[in-house]
Amino acid sequence: MFSKKLIQLMQPETRVCVLTGAGVSAESGVPTFRGAHGLWQKFRPEELANVDAFLNNPELVLAWYQYRRELIDNIEPNPGHYSLAKMEQYFADFTLVTQNVDGLHRRAGSQKVYELHGNILHNKCFQCGKAIQRVDFVEGEELPRCECGGLIRPDVVWFGEMLPEKTLTTAASKAVEADLFLSIGTSAIVYPAAGLPLTAQRNGAYLVEINPEQTDLSRTANEVLSGQSGEILPKLLEATGIAL
Ligand code: BJW
Ligand code: ZN
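Note that the structure is a prediction, hence the values are computed from the model and not measured. (Residues numbered from 1 in each chain as written. Chains lettered and ligands numbered in written order. Predicted model: local features only at pLDDT ≥ 70, side-chain atom pairs only at ≥ 80, totals over all residues. Heavy atoms only, no water.)

Student: Please provide a residue-by-residue account of the site of ligand 1, values included.
Tutor: Near ligand 1, the surroundings consist of 37 residues, among which Arg34, Tyr65, Arg68, Thr186 and Ser187 are the closest. Ser187 is positioned such that a nitrogen or oxygen atom in its side chain is 2.5 Å from an oxygen atom of ligand 1. For the shell around ligand 1, the secondary structure elements donating two or more residues are α2 (23-26) and α5 (58-73). Ranked by residue count, the leading element in the shell around ligand 1 is α5, at three residues. Tallied by class, residues from the shell around ligand 1 come to 18 nonpolar, 13 polar and six charged. The residues that make up the shell around ligand 1 include at least three from each of domain 1 (4-30 + 77-117 + 163-239) and domain 2 (38-74 + 124-156). (Near = heavy atom within 4 Å. Polar contact = N/O pair within 3.5 Å; in protein donor to acceptor, adjacent residues only side chain to side chain. Helix = DSSP H or I, 4+ residues; strand = E, 2+ residues; numbered from the N terminus. Nonpolar A, V, L, I, M, F, W, Y, C, P; charged D, E, K, R; others polar. Domains from an automatic or database assignment.)

Right under this line is the structure:
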């Protein structure tokens, strides 16, 4: 199932960079955005995850995020998340970059997580930018507002917005330095995150994709492990002799 090359690279001194997407949380019950079983089918992410959608219909956008927060409150990380937390302990130089906003990597024990698209459990003021802790949106009640009067929004990155600069810069430099890059559970179509695996490979990394479906990256990757990350990652650890 795994190539010799990949097993050889599973040494503690190998520099590893991982990019995860919604597929890693799919087995926990979080719907993906676009995958075959994507459940946000009523709306394309581009329709809700942008500033105009928020300004035109804040109730709809906030209700979407509230629904997702409640969903995340009631689920658990899966063996894919736990395997990545284990890998952080095993490799001396290991970087976990995620596009996910669900916080499940941390809940599984990953200590350092570069969250490129923010975190759904945090909020900020749309007007003054002040960080605001979790505020639940109740449909039919007044919209939550900051003390400055601005609307409160989730602290996530919408289309057309910049990613957190330092997080992105670190992720990009870790991709450049990596010997092994794993792209897991992402359709790899949203930039700049989707550029990270390509940057890594251009700079010499062995690029492995884990996904049950083909993506644009599948043709480019050095190795494609076709299947669910919650099954493949524990098997990879087992094949390497790392106990989960
Ligand atoms: C499994 C599985 C299992 C299922 N195991 N796998 C043209 C070219 C290049 C770029 C652009 C362009 N036009 C516009 C852009 C820029 C734009 C962009 O990339 N658009 C593309 C759609 C073309 N990017 C941006 O706007 C970004 N900002 C930016 O570029 O700033 C600079 C700038 C500013 C102003 C002007 C111009 C430039 C920001 C992007 C923000 C993305 N935000 C979202 C929402 C976050 C908040 C929220 O969660 O609500 O992030 S959108 C959504 O997509 C979310 C995700 O993180 C992201 C990626 O999705 P992901 O994770 O890959 O999920 P899916 O569903 O797509 O895929 C799941 C995969 O899992 C599938 O492949 C399944 O098969 C697989 N799977 N089960 C393993 N068990
Ligand atoms: Zn404010």
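Student: So what's going on with the coordination of the zinc ion (ligand 2)? Residues and values would help.
Tutor: Donor atoms from the polypeptide that bind the zinc ion (ligand 2) are Cys125 (SG), Cys128 (SG), Cys146 (SG) and Cys148 (SG), placed at 2.3 to 2.4 Å. One can describe the donor arrangement at the zinc ion (ligand 2) as tetrahedral, given that its four donor atoms subtend angles of 99 to 119° at the metal. Taken in sequence order, the residues that donate to the zinc ion (ligand 2) follow the motif C-x2-C-x17-C-x1-C. Taken together, the positions of Cys128 in the loop between β4 (118-125) and β5 (131-132) and Cys148 in the loop between β5 and β6 (152-156) put the pair 20 residues apart, joining distant regions of the chain. On the basis of relative accessibility, which here comes to 45%, the residue Cys128 falls in the partly exposed class. (Donors = N, O, S within 2.8 Å, 3.2 Å for Na, K, Ca; no water. Tetrahedral: all angles 85-135°; square planar, octahedral: opposite > 155°, others 65-115°. Buried < 20%, exposed > 50% of the residue type's maximum accessible area, 1.4 Å probe, protein only.)

Student: Talk me through the environment of Gln111; I want residue IDs and the actual numbers.
Tutor: One can find Gln111 in the loop between α7 (104-107) and β3 (113-115). Between the C-alpha atom of Gln111 and that of Asn123, which follows or precedes it by twelve residues, the distance is 21 Å. Setting aside residues no more than four positions away along its own chain, Gln111 makes contact with Glu88 and Arg106. (Contact = heavy atoms within 4.5 Å.)

Student: Describe in detail the sheet that holds strand β2 (residues 93-98), supporting the description with residues and values.
Tutor: The strand order across the open sheet formed by six strands is β3-β2-β1-β7-β8-β9, and the pairing between neighbours is parallel. The open sheet has two free edges, formed respectively by β3 and β9 (223-225), since each of these has just one partner strand. For this sheet, the mean inter-axis angle between neighbouring strands, taken without regard to orientation, is 20°. Taken together, the three bridges between strand β8 (residues 206-210) and β9 define a ladder with parallel strand orientation. By the bridge assignment, Ile210 is partnered in β9 with Leu225. Running at roughly 150° to β2, helix α6 (residues 79-90) makes contact with β1 (15-20), β2 and β7 (180-184) of the sheet. Seen against the sheet, helix α8 (residues 165-177) touches β1, β2, β3 and β7 and runs at an angle of roughly 130° to β2. (Pairing = 2+ DSSP bridges. Axes fitted to C-alpha atoms, helices over the stretch in contact; angles between N-to-C directions.)

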